[in-house]
Amino acid sequence: MRWGTVMVASGCGGTGRELAPYADLDGLDLVTRSITLDPRAGGPTPRIAETPSGLVHAVGHQNPGLEHFLATELPWLVRAGVRVHVSVVGATIGEYAELARRLSRAPGVAGLEVNLGAPDQAGEGLFEVREPYHAASVVAAVRREFPADRPVLAKLRPDLSRAVEGARAVHDAGASGVVLGDAVPAAMPDGRPGGLTGPAITPVALRCVHEVTSALPDVEVVGGGGVDGPRTARAFLAAGAVGVQVGTALLHDPTTVARIRAALADDHADDTAGDHAGDTADDREDQR
Amino acid sequence: MTSEPTGVPAVRGPVHVVGEVLATKRAGAYRHLTIAAPGLPERFRAGNFVAVSVGDGRLARRPLWIHRVKETGAYGPTLDVVVEPRGPGSTWLADLPVGARLPVTGPLGRPFALPREPVSCVLVGEGYAAAPLFPLAARLRERGCPVTLVLAADDEGHLLSALEARRSARSVSVITRDGSVGARGDVPSQVEAVLERADADVVYAAGPTATLAAVAAAAERRGAWSQVALETPMACGTGLCQGCPVPVVAEDGVTRRVRACVDGPVVRGDRVHWGELG
Ligand SMILES: Cc1cc2nc3c(=O)[nH]c(=O)nc-3n(C[C@H](O)[C@H](O)[C@H](O)COP(=O)(O)O)c2cc1C
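Sequence positions are assigned chain by chain, starting from 1 and proceeding in written order. Working convention: letters from A go to chains and numbers from 1 go to ligands, in the order in which they are written. Where totals are concerned, whole chains, interfaces and linings use all residues; where local detail is concerned, this predicted model gives features only for residues with pLDDT of at least 70, and gives and counts side-chain atom pairs only at 80 or more. Calculation of side-chain values draws on the structure's entire complement of heavy atoms; hydrogens and water are dropped beforehand.

Draft legend 1. How the structure looks around the overall build of chain A. Labels follow the DSSP assignment, with helices taken as runs of H or I lasting at least four residues and strands as runs of E lasting at least two, numbered in each case from the N terminus. If you tally the helices and strands in chain A, you get 9 helices and 12 strands. For the radius of gyration, the atoms used are the C-alpha atoms, and the globule rule reads 2.2 Å times the number of residues raised to 0.38. Its C-alpha atoms give chain A a radius of gyration of 18 Å, within 12% of the compact-globule value 19 Å for 288 residues. Once the C-alpha set of chain A is aligned to its principal axes, its extents read approximately 50 × 40 × 40 Å. Only protein chains enter the accessibility calculation, which uses a 1.4 Å probe; a residue whose area is less than 20% of its type maximum is buried, one above 50% is exposed, and one in between is partly exposed. A buried classification covers 56% of the 288 residues belonging to chain A. In the form shown here, chain A has an accessible surface area of approximately 11,200 Å², with 53% of it arising from carbon and sulfur atoms. In this tally Asp and Glu are treated as negative and Lys and Arg as positive; neither His nor the chain ends contributes. The atoms used to mark charge sites are NZ of Lys, CZ of Arg, CG of Asp and CD of Glu. Of the charged side chains in chain A, 26 are positive and 37 negative; the average position of the first set lies 4 Å away from that of the second. Using the Shrake-Rupley algorithm and a 1.4 Å probe, accessible areas are obtained, with residue cover drawn only from the displayed protein chains.

Right under this line is the structure:
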């Protein structure tokens, strides 16, 4: 993956089209909301709750199913020039493999992201990733079905106690990179399982990224969790990530991805000129 | 009404700008804000809303109906919204001073569809949610439709201005639960008679879910066509998060959960599964 890649995080970019007014879709790396083989209606409302500097979500993977996605959403995104990374999630290893097999034949899929950290796997009847070897088996099954020249990212929860072990396991199973991370398991105000996201989880995710990149320098890590501007994106890159994902911030300001892309492109230009003057102005702005 | 995905028209799509509060006015229980928001008014159609950001690390956006737009004025393009301070976000908004800046995204959502013929239209709005019916009434009048506007509320403090409504509607009537002004009662108990009197062909409603359900049912009983503006809680307002599902019956008879923010908020009343919406 190109250093400094900024991706739209799974489940936070709608079908992709809704971002068109706020970002140039041509060349944009977008991870789709997690797609299942069969359509899913999703969970009850309320699905999203506000918490200080964060959101807790319990969407329940509402999605139209693979067939509908392939027939309508994917072709539109490909025509718009989006680099489509399809997030897959399933009830069994066989379902993950079937998703990978069918997506390998679909024109225009840039890569896959294997969702291994859904907040309520048991409640939603999804394959339960309790141990790193569970994650590794899923990744191995997906990798077998998907062409070796296209990336398969493994997305893990930012769980510090298992991050290095988990990253090593999925890397050994053939993942091209690791996304750290997903939402932090949490509860909705009424007690239902949910996932905590946004700036509230940034320090936790940063720590995980740092531990993994230090322990496993060969593993490509994409950082995520509360990325809401150039400053947080740079913090993940400084921790050793090659790219970042932006989720919750898009719900708050749909132009976030475009802003971060532009700022990082400027960094790159500055780097070539040996000039880091841009950092301080942005730091100040983000602290306000 | 279609299932996902629906596109945002690329040319007329929403914009994201930093708006500035130009004026604030207290009216009963509500606060009216006039916001300079370049790019929004010229794209506005009645039934659209804006999503605004509130402060203090609160990430969910607050959807607000657009009550009025001015494309040109002393301060450039402006829009008006009506805020009822109920929770921390709306209270924060209601307390904004003139000159405050706030991120505004819009216009968002599917607007009200307008009849082609000059047919009789009844508009029923409850509380601040009646806000989008004012610009709708003006558009309908331009098309030659006789407009009957019903403003309903718990009490006088929660009514939008009937005086102002009279500028666009041929007939305006007021219903309050406590009878402080207008007829005493509520929408469900009175809507039938209102539709009858106006010989309504098309019915529009905006307000709490129970009110919308009652209006939709009354319209269906007389074979009138209804459109309702839903107030489903939303986190982003832009179609990104799937936090505002609405169960609707599509053309093919299959129930789907569409997103209130982009597939609505205005939907056909006879398509909504009211029971499931709660
Ligand atoms: C409303 C919402 C829906 C999400 N849906 C998915 C999903 O379908 N699949 C997935 O792998 N992650 C999903 N996520 C997690 C995000 O992709 C992201 O990893 C996480 O929110 C942390 O990043 P953030 O703080 O930038 O949002 C979702 C997050 C939110 C807020």
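Draft legend 2. Up close: the packing of aromatic side chains. Residue and element names in this part refer to chain B. Two aromatic rings, drawn from Phe, Tyr or Trp (for Trp, its six-membered ring), form a pair once their centres lie within 6.5 Å of each other, and the interplanar angle then sorts them: stacked below 30 degrees, edge-to-face above 60, tilted otherwise. Per the counting criterion, the structure on display carries 3 aromatic pairs over all chains. Ring plane angle 90° and centroid distance 6.1 Å describe the contact between Tyr30 and Tyr128, whose orientation is recorded as edge-to-face. Highlighted residues: Tyr30 in strand β2 (residues 30-36) and Tyr128 in the loop between β8 (121-126) and α2 (133-142), separated in sequence by 98 residues. You can call Tyr30 buried: its relative accessible area is 2%. By relative accessible area, which is 14% here, Tyr128 ends up buried.

Draft legend 3. Region of interest: α2 of chain B. Residue and element names in this part refer to chain B. Where α2 is concerned, the buried positions are Leu133, Phe134, Pro135, Leu136, Ala137 and Leu140. Two residues form a contact once any of their heavy atoms are found within 4.5 Å. Elements in contact with the buried residues of α2: β8, β9 (147-153), α3 (162-165) and β12 (202-206). Gly144 lies just past α2 and shows a positive phi near 85°.

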